[in-house]
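This is what each chain is made of:
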Amino acid sequence: MSAPHRTAEEIGRTAAGPRPVPPLGTQRAAAELSHVDTTLSNGLRVLAVRKATVPLVELRMWIPFAGDDKLHPAKAEVLAETLLTGTARRDRIEIDADLALIGGDLGSGVDPERLSISGTSLADGLPTMLDVLADALTGASYADAEVERERERLIERIAVSRTQPRTIAREALQKHRYGDHPAVREVPQPEDVAIVTPEQVRALHQASVLPRGSVLVLVGDIDPQTVIGDLEKALGGWASDRSAVRLPALPDLTGGNILLVPRAGAVQSQIRLSAQTVSRTDPRYAALQLANLAYGGYFSSRLVENIREDKGYTYSAHSGFEFTDQTAVVNVDADTATDATAAALLETRYELARLGLVPPTADEVESVRQYAIGSLVTAASSQGGLAAQLAALAATGLGAEWLAEHPARLAAVTAEDVANAALEFFAPKRFTGVVVGDADVLAPKLKALGDVTVGEPA
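Computed from a predicted model, the values in this text were never measured in an experiment.

A.B. asks: Could you clarify how one ought to interpret empty space enclosed by the protein in this entry?
C.D. replies: To locate leftover empty space, one rolls a probe as large as a water molecule over the atoms. All told, the structure shown has two cavities of 30 Å³ or more when counted by the stated rule. By volume, the largest cavity amounts to about 110 Å³. Residue lining of the largest cavity: 14 residues in total, with His72, Pro73, Asp111, Pro112 and Arg185 positioned closest to the centre. In terms of residues, the lining of the largest cavity owes the most to one element, helix 2 (residues 72-82), which gives four residues. Residues belonging to the lining of the largest cavity are distributed by class as follows: eight nonpolar, two polar and four charged. Considering only enclosed or pocket space, the second largest cavity measures out at about 60 Å³ in volume. The wall of the second largest cavity is formed by Ser279, Arg280, Thr281, Phe323, Asp325, Gln326, Thr327, Thr396 and Leu398.

And the structure:
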């Protein structure tokens, strides 16, 4: 007869008491990356990194893609959907076939700040992927039939997206933070997309898909030195004297009232708070990163323990950084049932104040430090993860050196550094934001909390 299985509780205990949890090991520094960080003759910055764990290559390209035109968001979305649907040399089927032969793919997307292109291929198929990319950058045709087909699909997706609570809350937060700044226009109106023409998309490509000021990251089984020459040949025809259009600087957040955005009959509310912080290049950033983790940046954070684990006000609560060009903010998100919204907001503000007045202990700091370093190493362990991290860094002028050196910066942060960052950046008065929900139910209690005003319906 087989022995009965022991329960988790039995495994975790001995006759003398609970088994001690082994201490966390020392995080090892990331291996030095063989890489080249240079600018091509056409003004495109290239960061090529050798990571030969598997015979693949990951590609990430970010092109600054801002615009003031009211229809710019709609035209940009249609362009992103149709950029890879045909060129003067290849139609959609030929593009797909060429990429399939190298085990590859390419895709594109857009936001108010940038046009992004991402792809992957077998390492020996990189020349083909670069040829397809160059073909699209220099000769995308935006055929009438392709634009019309993708435009109709886009209208349907946007119409659905704009009914989602998270989209509504995000747009409300953006408008409350930044007014009529171009950064606010993240999701275009369906009626604007409906009137975009192929001619407008072609004109936008010619005016804005530009190499100067853009960034290309390649990570994989490559020779970084050799690939630069390959890129000069492949992308030599993509050139302009003008630079890609950067998003205008965002105004600094100075705190202020929380705006209650009415959404009649909503059974859930979305709480979105935001405050100005510092960029990754600031000497205080590492301490600020650990302070954020202690507040709401991971599952064992104070905010999660309070409003999720202890009080059950929400299934998900989180805080994290949002980087735009050279600026950064910290955001706090929580979705709650309507009857728990006021209490959840109260506790969220309480934890902000407590972080500064009762700062993280030495044990808390060590826990979030190990989490931060471990997460960084884990995220950079795959080619795709490393490519994504480097692309985000390169877009703000940083590179592989910053990534390699950051674990040491995190290791050097003291509990006092974290306490200072918490007191400086997490004071409740620094935060502004929105609550989207049923104002008829929420307004009396939220107004009683103070610093809450009622706005126009979503």
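Additional details are given in the paragraphs that follow.
A.B. asks: Looking at this structure, I do not really get the UniProt feature "domain: Peptidase M16 C-terminal" (unreviewed entry) in the chain. What am I missing?
C.D. replies: The feature "domain: Peptidase M16 C-terminal" (unreviewed entry), as given by UniProt, occupies residues 196-370 in the numbering adopted here. End-to-end, the C-alpha atoms of residues 196-370 are 50 Å apart, and along that stretch the chain is 40% helix and 24% strand.

A.B. asks: Teacher, can you tell me more about the pairing of strand 12 (residues 327-337) here?
C.D. replies: Note on strand geometry: in a regular strand, side chains alternate between the two faces of the sheet. Most of strand 12 is tucked away, with eight of its 11 residues classed as buried. In this structure, strand 10 (residues 268-276) lies alongside strand 12, joined through nine bridges in antiparallel fashion. By the bridge assignment for strand 12, Gln270 is matched with Asp335. Two strands pair when backbone bridges link them, and strand 11 (residues 314-324) and strand 12 are joined in this way by nine bridges, in the antiparallel orientation. Opposite Ser319, over in strand 12, you have Val332 as the bridge partner. Counting the residues in the hairpin turn of strand 11 and strand 12 gives two residues, including Asp325, whose phi is positive at 55°.

A.B. asks: I keep staring at the environment of Leu137 and nothing clicks. Help me out?
C.D. replies: The residue Leu137 is located in helix 4 (residues 126-139) in this model. Since its relative accessible area comes to 2%, Leu137 is described here as buried. Beyond its immediate chain neighbours, meaning those up to four positions away, Leu137 contacts Met61, Ile63, Ile117, His205, Val209, Leu235 and Trp238.

A.B. asks: How should I be thinking about the sheet that holds strand 12 in this particular structure?
C.D. replies: Neighbouring strands of a sheet are bound in pairs by backbone hydrogen bonds; such pairs are parallel or else antiparallel. Spatial strand order, 11-12-10-13-9-14: six strands in an open sheet with mixed pairing. Because the sheet does not close on itself, it has two edges, and the strands there are strand 11 and strand 14 (452-454). Geometrically, the sheet is characterised by an average inter-axis angle of 20° between neighbouring strands, direction not taken into account. Where helix 10 (residues 285-297) meets the sheet, its contacts fall on strand 11 and strand 12, and the angle it forms with strand 11 comes to roughly 160°.

A.B. asks: Got a minute to help me understand the pattern of salt bridges in this structure?
C.D. replies: Side chains bearing opposite charge may pair, as long as their charged atoms lie close to each other. Under the criterion given, the structure shown has 35 salt bridges. Note that Arg114 and Glu113 form a salt bridge whose closest N and O atoms lie 2.8 Å from each other. Taking relative accessible area as the criterion, Arg114 reaches 14% and is therefore assigned buried. Close ionic contact of Glu364 with Arg302 constitutes a salt bridge, the shortest N to O distance being 3.0 Å. Within this pair, whereas Glu364 is found in helix 13 (residues 362-379), its partner Arg302 is found in helix 11 (residues 302-310), the two being separated by 62 residues in sequence. Judged by relative accessible area, Glu364 falls into the partly exposed class, the value being 24%. Overlapping salt bridges, with partners in common, bring together Arg89, Arg90, Asp98, Asp131 and Asp135 in one network.

A.B. asks: Quick question: what am I supposed to make of the layout of surface pockets here?
C.D. replies: Considering only enclosed or pocket space, the largest pocket measures out at about 540 Å³ in volume. What lines the largest pocket is a set of 23 residues, among which Arg280, Tyr285, Gln289, Phe321 and Phe323 lie closest to the centre. If you list the elements that add at least two residues to the lining of the largest pocket, you get helix 10, strand 11, helix 13, helix 14 (383-394) and helix 15 (400-412). Of the residues contributing to the lining of the largest pocket, the split by class is 13 nonpolar, nine polar and one charged.

A.B. asks: Explanation requested: the sheet that holds strand 4 (residues 45-50) in the structure shown.
C.D. replies: Taken together, six strands build an open sheet; the order of strands is 3-4-8-5-7-6 and the sheet is mixed. Edge strands, defined here as strands with exactly one partner in the open sheet, are strand 3 (34-39) and strand 6 (105-110). Across the sheet, the axes of successive neighbouring strands diverge by a mean angle of 10°, strand direction being ignored. Inspection of the sheet shows strand 3 paired to strand 4 by six bridges, in the antiparallel sense. Within the sheet, the bridge partner assigned to Thr38 lies in strand 4 and is Val46. Helix-sheet contacts for helix 14 involve strand 4, strand 5 (56-64) and strand 8 (215-220), and the interaxial angle to strand 5 is about 20°.

A.B. asks: Would you take a moment to explain the side chain of Arg369 for this structure?
C.D. replies: Here Arg369 is to be found in helix 13. Here Val413 takes part through its backbone oxygen, which lies 2.7 Å from a polar atom of the side chain of Arg369. Excluding its chain neighbours within four sequence positions, the residues that come into contact with Arg369 are Leu290, Leu410, Ala411, Ala412 and Val413.

A.B. asks: Can you walk me through the packing of aromatic side chains in this structure?
C.D. replies: Centre distance and the angle of the planes are the two values used to describe a pair of aromatic rings. On inspection of all chains with the given rule, the structure shows seven aromatic pairs. Between Tyr295 and Phe426, the aromatic rings sit 5.8 Å apart at their centres with planes inclined by 45°, giving tilted as the arrangement. With Tyr295 in helix 10 and Phe426 in the loop between helix 16 (415-425) and strand 13 (432-437), this pair connects stretches of sequence that are 131 residues apart. Taken as a pair, Tyr295 and Phe426 share a single burial class, namely buried. An aromatic cluster of three or more residues is present, and its members are Tyr285, Phe321, Phe323 and Trp402. Taking the ring centre of Phe323 as reference, the NZ or CZ of Arg280 above it sits at 3.7 Å.

A.B. asks: Whenever I open this one, the UniProt feature "domain: Peptidase M16 N-terminal" (unreviewed entry) in the chain confuses me. Can you help?
C.D. replies: Residues given the UniProt feature "domain: Peptidase M16 N-terminal" (unreviewed entry) here are residues 83-190. Between the C-alpha atoms that bound residues 83-190 the distance is 20 Å, and the span itself is 52% helix and 14% strand.

How each quantity is defined
- Residues numbered from 1 in each chain as written.
- Predicted model: local features only at pLDDT ≥ 70, side-chain atom pairs only at ≥ 80, totals over all residues.
- Heavy atoms only, no water.
- 1 Å grid on protein atoms, 1.4 Å probe; cavity = no way out; pocket = protein on both sides within 12 Å on 5 of 7 lines; lining within 4 Å.
- Points joined across faces, edges and corners; volume = space filled by probe spheres on them.
- Helix = DSSP H or I, 4+ residues; strand = E, 2+ residues; numbered from the N terminus.
- Nonpolar A, V, L, I, M, F, W, Y, C, P; charged D, E, K, R; others polar.
- UniProt positions renumbered as here; feature names shortened; annotations may be inferred.
- Buried < 20%, exposed > 50% of the residue type's maximum accessible area, 1.4 Å probe, protein only.
- Pairing = 2+ DSSP bridges.
- Contact = heavy atoms within 4.5 Å.
- Axes fitted to C-alpha atoms, helices over the stretch in contact; angles between N-to-C directions.
- Salt bridge = Lys/Arg side-chain N within 4 Å of Asp/Glu carboxyl O.
- Polar contact = N/O pair within 3.5 Å; in protein donor to acceptor, adjacent residues only side chain to side chain.
- Phe/Tyr/Trp six-rings, centres within 6.5 Å; stacked < 30°, edge-to-face > 60°.
- Lys NZ or Arg CZ within 6 Å of the ring centre and 35° of its normal.

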